[in-house]
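As a plain string of letters, each chain reads:
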Amino acid sequence: MRIEISSNNPLEHATPALVVGCFEDERGQLFQECDAALGGCLGRLAETREITGKPGTTRLLYTLGKIPAERLLLVGLGKKTELTRERLRQAAGHAMQALRAARAASFATALPLASSLPRATESIAVGTLLGSYSFDLYKTKDIEQHFAFDAMTLLVPQPEQGQAGSIAEQAAQLCRGVCLARDLVSHPGNVVTPGYLAQEARRLAARHALECKVYEQDDLESLGMNALLGVGKGAAEPPRLIVVRYRGDGAKGRPVVLVGKGITFDSGGISIKPGPGMEEMKTDMAGAAAVLGTLEAAALLQLPVDLVGVIPTAENMPDGKAFKPGDVLASLSGTTIEITNTDAEGRLILCDALHFAQKFKPAAMIDLATLTGACVVALGHEASAVLGNDQRLVDALKKSGDETGERLWQLPLWDEYGEGMKSDIADLKNAGSRDGGTIKAAWFLKQFVGETRWAHLDIAGTAWSDKARPYSPKGATGVGVRLLIEYLRQK
Ligand code: BES
Ligand code: MN
Ligand code: ZN
């Protein structure tokens, strides 16, 4: 969808639909002007409580020639004093759902840009662009039902036009990263395989002249990445380790390293998962998708950062050749691991990647992984878990989470949680008892990060949504990209 900027007066702007914000506790100036132009129609609707301004509400009206806009879409913004960036993103997203239902492919938005114009413009653009996302590549029937947005015009006062344009452009670049992540997670597991992720990384690198190296199976063997290799053993397609580096102009100091879990399908392996819901395990590469999406956005935005993406990728399958419970793997770090559950595969591919990543001497290392079902039990779908060995890093990430609406909740990482992770035969077991599962998994990862400042994000509950959200349709959310870009901007 294109974004255009115009300084037309909303009441004089011709468009299939004009989006106007409406507060719960106050009638804004534009609302009153629209009301007057429509002969008091809005006031009447407000009196009868057919429009309330409550967040999440929308109301579409035909203007029947009274103003050049064919339709007026009123969007609830809640109380004026409670207007946050997330509220604006959500309001813009709700507007998209109403516009989609009305099949209005082009529209103009005149939401209030009052308090801070740049932030409001950013929020509206992000809510709009992400709210317009849909994934129907694999649908071949009822094509006429398909609908894609064409263009949005952001109506802003004349003096702000230039600034609004560049902010909208940046929002579009950010959303390209988010949508890349969403697409990768949405594609089925027979398309997105370890080889596909490697190819996608090469394409990304080619688009932006980034460094890219893919370690193939024999490379992994010579390196000794036996934990990653072990997980991939049951699959027809071999595992890989993907490294992509973006060195932005003006980047100072050591790189930030992002590590993303890239299990393109998690059947559980020999410790096979129950059938119902197993299809959702195509999303087990959402961490990898977030890393690629973040690199895409960082490169488009030309952020002045040195950013390395490290993606261990494999398919976790049962087979005669598959790794199995009781096996012992010698990880890249030398630490030996007894496999007690082949379904605890994420930490295995990550432990080799985290150890490997230390060669970049990271200023900070952040991993993202759909790592534990326990995380979904603990936090549901409203927050990702964050754990780490450096409180400043964790706090900075939490702050970015609050700013972007990709919220994080910290869990503790005390040594005692590791007591059940010791093995009788090897140094560690890959799985302990179910209690405190998210923390135990993070404790396991911690054994492989050395002295590096590190944070782990468990996105098991947030990478995929079973219900539509205001600016994220049902399915892949692209979680992590906006959070990490915000972190990199503030760093
Ligand atoms: N990929 C799963 C975790 C997951 C569950 C992600 C639900 C998204 C939604 C992970 O590999 C896994 O299977 N974890 C096990 C660990 C256990 C065997 C210690 C789990 O959570 O059950
Ligand atoms: Mn698993
Ligand atoms: Zn998994």
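Look above for the structure.
Residues numbered from 1 in each chain as written. Chains lettered and ligands numbered in written order. Predicted model: local features only at pLDDT ≥ 70, side-chain atom pairs only at ≥ 80, totals over all residues. Heavy atoms only, no water.

(A) Spotlight on the nonpolar core. Of all hydrophobic cores here, the largest spans 64 residues; its most connected members are Leu292, Leu307 and Ile485. Looking at which element gives the most residues to this core, the answer is helix α9 (residues 286-301), with 11 residues. Taken domain by domain, this core gets at least three of its residues from each of domain 1 (2-156) and domain 2 (176-490). When residues no more than four places from it in sequence are discounted, the contact partners of Ile485 are Leu174, Thr294, Ala297, Ala298, Leu301 and Leu303. Grouped together as the second largest cluster of nonpolar side chains are 49 residues, Leu220, Leu229, Val308 and Phe356 included. (Core = buried A, V, L, I, M, F, W, Y, C linked by side-chain atoms within 4.5 Å. Buried < 20%, exposed > 50% of the residue type's maximum accessible area, 1.4 Å probe, protein only. Helix = DSSP H or I, 4+ residues; strand = E, 2+ residues; numbered from the N terminus. Domains from an automatic or database assignment. Contact = heavy atoms within 4.5 Å.)

(B) Broad picture of unusual backbone geometry. Although it is not a glycine, Ala209 adopts a positive phi angle of roughly 55°. Note that Ala209 resides in the loop between α6 (194-208) and β7 (211-215). Although it is not a glycine, Lys361 adopts a positive phi angle of roughly 45°. Position of Lys361 relative to the elements: it lies in the loop between α10 (346-357) and β14 (364-369). The exposed category is assigned to Lys361, whose relative accessible area is 56%.

(C) Expanded view of the coordination of the manganese ion (ligand 2). Note on the manganese ion (ligand 2): its protein donors are Asp266 (OD), Asp343 (O), Asp343 (OD) and Glu345 (OE). The metal-donor distances range over 2.1 to 2.2 Å. In this model, the manganese ion (ligand 2) sits 3.2 Å from the zinc ion (ligand 3), the two metals being bridged by Asp266. When its relative accessible area of 22% is taken as the criterion, Asp343 is described as partly exposed. A relative accessible area of 0% places Glu345 in the buried class. (Donors = N, O, S within 2.8 Å, 3.2 Å for Na, K, Ca; no water.)

(D) The sheet that holds strand β5 (residues 106-110), seen in detail. Overall, mixed pairing links the 6 strands, which are arranged β1-β6-β5-β2-β4-β3 in an open sheet. Each of the sheet's edge strands pairs with one partner strand only, and the pair in question is β1 (2-6) and β3 (58-62). When strand polarity is set aside, the average angle formed by the axes of neighbouring strands in this sheet is 25°. Pairing analysis gives 3 bridges linking strand β2 (residues 18-22) to β5, with the strands arranged parallel. Its bridge partner lying in β5, Val19 is registered against Thr109. Against the sheet, helix α4 (residues 117-131) touches β1, β5 and β6 (151-155), its axis set at about 165° to β6. (Pairing = 2+ DSSP bridges. Axes fitted to C-alpha atoms, helices over the stretch in contact; angles between N-to-C directions.)

(E) Structural detail: the coordination of the zinc ion (ligand 3). Looking at the zinc ion (ligand 3), the protein donor atoms are Lys261 (NZ), Asp266 (OD), Asp284 (OD) and Glu345 (OE), and they sit 2.0 to 2.4 Å from it. Here the zinc ion (ligand 3) binds 6 donor atoms, and the angle range of 79 to 174° at the metal identifies the geometry as octahedral. Along the chain, the residues that donate to the zinc ion (ligand 3) are spaced as K-x4-D-x17-D-x60-E. For Asp284, a relative accessible area of 2% corresponds to the buried category. (Tetrahedral: all angles 85-135°; square planar, octahedral: opposite > 155°, others 65-115°.)

(F) Highlighting helix α3 (residues 85-101). With 17 residues, α3 ought to run about 24 Å at 1.5 Å a step, and its terminal C-alpha atoms sit 25 Å apart, in line with that. All buried positions along α3 are accounted for by Arg85, Leu88, Arg89, Ala91, Ala92, Gly93, Ala95, Met96, Ala98 and Leu99. Immediately beyond the C-terminal end of α3, within one or two residues, lies Arg103, with a positive phi of roughly 50°. (Expected span 1.5 Å × (residues − 1).)

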